[in-house]
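# Working through the structure, step by step
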Amino acid sequence: MAAFDPSLTTSNIAVGRGEPLVVLEHVDKHYGELHVLNDISTVVNRGEVVVVIGPSGSGKSTLCRAINRLETIDSGLISIDGDKLPEEGKQLAALRADVGMVFQSFNLFAHKTVLENVTLGPIKVKKMKKAAAEELAMRLLDRVGVANQAKKLPSQLSGGQQQRVAIARSLAMNPKLILMDEPTSALDPEMINEVLDVMVGLADQGMTMIVVTHEMGFARKAADRVIFMADGKVVEEATPAEFFDHPKSDRAKDFLSKILAH
Ligand SMILES: Nc1ncnc2c1ncn2[C@@H]1O[C@H](COP(=O)(O)OP(=O)(O)O)[C@@H](O)[C@H]1O
Ligand SMILES: [Mg+2]
């Protein structure tokens, strides 16, 4: 697979690298009695790749959804590129366009072709002309290695191919940041690497990424930082080498012993 060429994807990346892009300050959220996000504060800098890891139910997906404003928070502050997350309306639509999201379950439109899935956002949201959107989409599909699938429906593709289409779709919006929530968890084992390779390519190219994953190989290769969550809290934050080789908390040691036992 060809390496990513930044000029083909987004002009936002690598601009002002190292400056804060996503800021969370004392973010709290409850679902009834459940304290699902408990005083979360962290900063993700431009160009940084952060892997979020932790037991099931620890709040990782809720954190992603809060950053993308798919979920409200009770208190605290989340800002992206200096702007506080808007409540609703046009600003919220603009924010969503700035933040790409890749889900475990691909979430492609089943009745649209691969090409249409990728061009939809640029045409509807960015008001791009169809021909230009298709050209962009084909370049991105080529980059993720599925250009020859463009005319097919998602159901005609393998899971790994569908997830690569989902990544191309998020890139087509020229996002400032991509959130990925367990992007390889629904894949058959033999397809995991083809998706991880695309993710590593994006990371190498300077895309800001927050990735929920238990793929330690990806974390070690691509992540600048690992955030370990448990019970709605950030329990540890460290480089991948520090975290995986010298976890500090009993919670992290216990968690790692379980995932390493597989
Ligand atoms: N919409 C919801 N209503 C009530 N509880 C929820 C909702 N979404 C998630 N939860 C609960 O919040 C906790 C954290 O969920 P989630 O963020 O999905 O965790 P993770 O992604 O780390 O597995 C879980 O206990 C889950 O059952
Ligand atoms: Mg989850």
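Basis of the calculations
Position labels on residues start from 1 in each chain and follow its written sequence. Think of it this way: whatever chain is written first is A, whatever ligand is written first is 1, and the rest follow in order. Owing to the predicted nature of the model, reporting of local features is limited to residues with pLDDT of at least 70; listing and counting of side-chain atom pairs is limited to 80 or more, with chain, interface and lining totals taken over all residues. Calculation of side-chain values draws on the structure's entire complement of heavy atoms; hydrogens and water are dropped beforehand. UniProt positions are given in the numbering used here, feature names are shortened, and annotations may be inferred rather than shown by experiment. When DSSP finds two or more bridges between a pair of strands, those strands are recorded as paired. A run of H or I in DSSP counts as a helix once it spans at least four residues, and a run of E counts as a strand once it spans at least two, with each numbered from the N terminus. Inter-axis angles, ranging from 0 to 180 degrees, are taken between N-to-C directions of lines fitted to C-alpha atoms, where helices are fitted over the stretch in contact. Residue contacts follow a heavy-atom distance rule, with two residues in contact if any of their heavy atoms lie within 4.5 Å. Angular relationships are summarised with four words: roughly parallel below 35 degrees, roughly antiparallel beyond 145, roughly perpendicular across 65 to 115, and oblique for the angles in between. We call a crossing left-handed when the near helix sits turned anticlockwise from the far one by less than a right angle, and right-handed when that turn is clockwise. Residue polarity follows a fixed list, in which Ala, Val, Leu, Ile, Met, Phe, Trp, Tyr, Cys and Pro are nonpolar, Asp, Glu, Lys and Arg are charged, and the others, Gly among them, are polar. Each residue is tested against the molecule or strand, and it is near if at least one of its non-hydrogen atoms lies within 4 Å. Polar contact is defined as a pair of N or O atoms within 3.5 Å, subject to the rule that within protein one atom must be able to donate a hydrogen and the other to accept it, and that residues adjacent in sequence are counted only when both atoms are side-chain atoms. What sets the accessible areas is the Shrake-Rupley method with a 1.4 Å probe; for residues, cover comes only from the shown protein chains. For the exposure calls, accessible area comes from a 1.4 Å probe over protein chains only, and a residue counts as buried if that area is under 20% of its type's maximum, exposed if over 50%, partly exposed in between.

- You'll find the protein chain entered in an unreviewed UniProt entry as ABC-type polar-amino-acid transporter, with Agromyces seonyuensis given as the organism.
- According to the UniProt record, the Subcellular location (unreviewed entry) comment for the protein chain reads "Cell membrane".
- Among the UniProt annotations of the protein chain, the heading Sequence similarities (unreviewed entry) holds the following wording: "Belongs to the ABC transporter superfamily."

### Regarding the sheet that holds strand 10 (residues 233–238)
- Taken in spatial order, the 6 strands line up as 6-7-8-3-9-10 in an open sheet, and their pairing is mixed. The open sheet has two edge strands with one neighbour each: strand 6 (99–102) and strand 10. Across the sheet, the mean angle from the axis of one strand to that of its neighbour is 20°, orientation sign disregarded.
- Where strand 3 (residues 49–53) lies against strand 9 (residues 225–230), 4 bridges are found, and the strand directions are parallel. By the bridge assignment for strand 9, Val50 is matched with Arg225.
- Lying on the sheet, helix 1 (residues 60–67) is in contact with strand 3, strand 6, strand 7 (177–181), strand 8 (208–212) and strand 9; it crosses strand 7 at an angle near 150°.
- Running over the sheet, helix 5 (residues 159–171) touches strand 6 and strand 7 and is turned about 170° from strand 6.

### Some remarks on the packing of helix 3 (residues 114–124) against helix 5
- The interhelical angle for the contact between helix 3 and helix 5, taken along N-to-C directions, is 25°, at an axis separation of 8 Å. Judged on the interaxial angle alone, helix 5 and helix 3 are roughly parallel. Relative to helix 5, the crossing made by helix 3 is right-handed. Along the contact surface, helix 3 presents Val114, Asn117 and Val118, while helix 5 presents Val165, Ala168 and Arg169.
- Taken together, the residues that form the contact of helix 3 with helix 5 break down as 4 nonpolar, 1 polar and 1 charged.

### Quick word on the site of ligand 1
- Residues in contact with ligand 1, as listed here, are Tyr31, Leu34, Val36, Pro55, Ser56, Gly57, Ser58, Gly59, Lys60, Ser61 and Thr62.
- The separation between an oxygen atom of ligand 1 and a polar main-chain atom of Gly59 is 3.0 Å.
- Ser61 places a side-chain nitrogen or oxygen 2.8 Å from an oxygen atom of ligand 1.
- Burial of ligand 1 by the protein chains amounts to 57% of its free accessible area of 560 Å².
- Those elements that place two or more of their residues in the shell around ligand 1 are strand 2 (34–45) and helix 1.
- Element by element, the count of residues in the shell around ligand 1 is highest for helix 1, at 3 residues.
- For the shell around ligand 1, the per-class residue count stands at 4 nonpolar, 6 polar and 1 charged.

### Thoughts on unusual backbone geometry
- Despite not being glycine, Phe106 has its phi angle at roughly 65°, a positive value.
- Mapped onto the secondary structure, Phe106 falls in the loop between strand 6 and helix 3.
- On the basis of relative accessible area, Phe106 is assigned to the buried category, the value being 12%.
- A positive phi is found at Asn107, a non-glycine position, where the angle reads about 55°.

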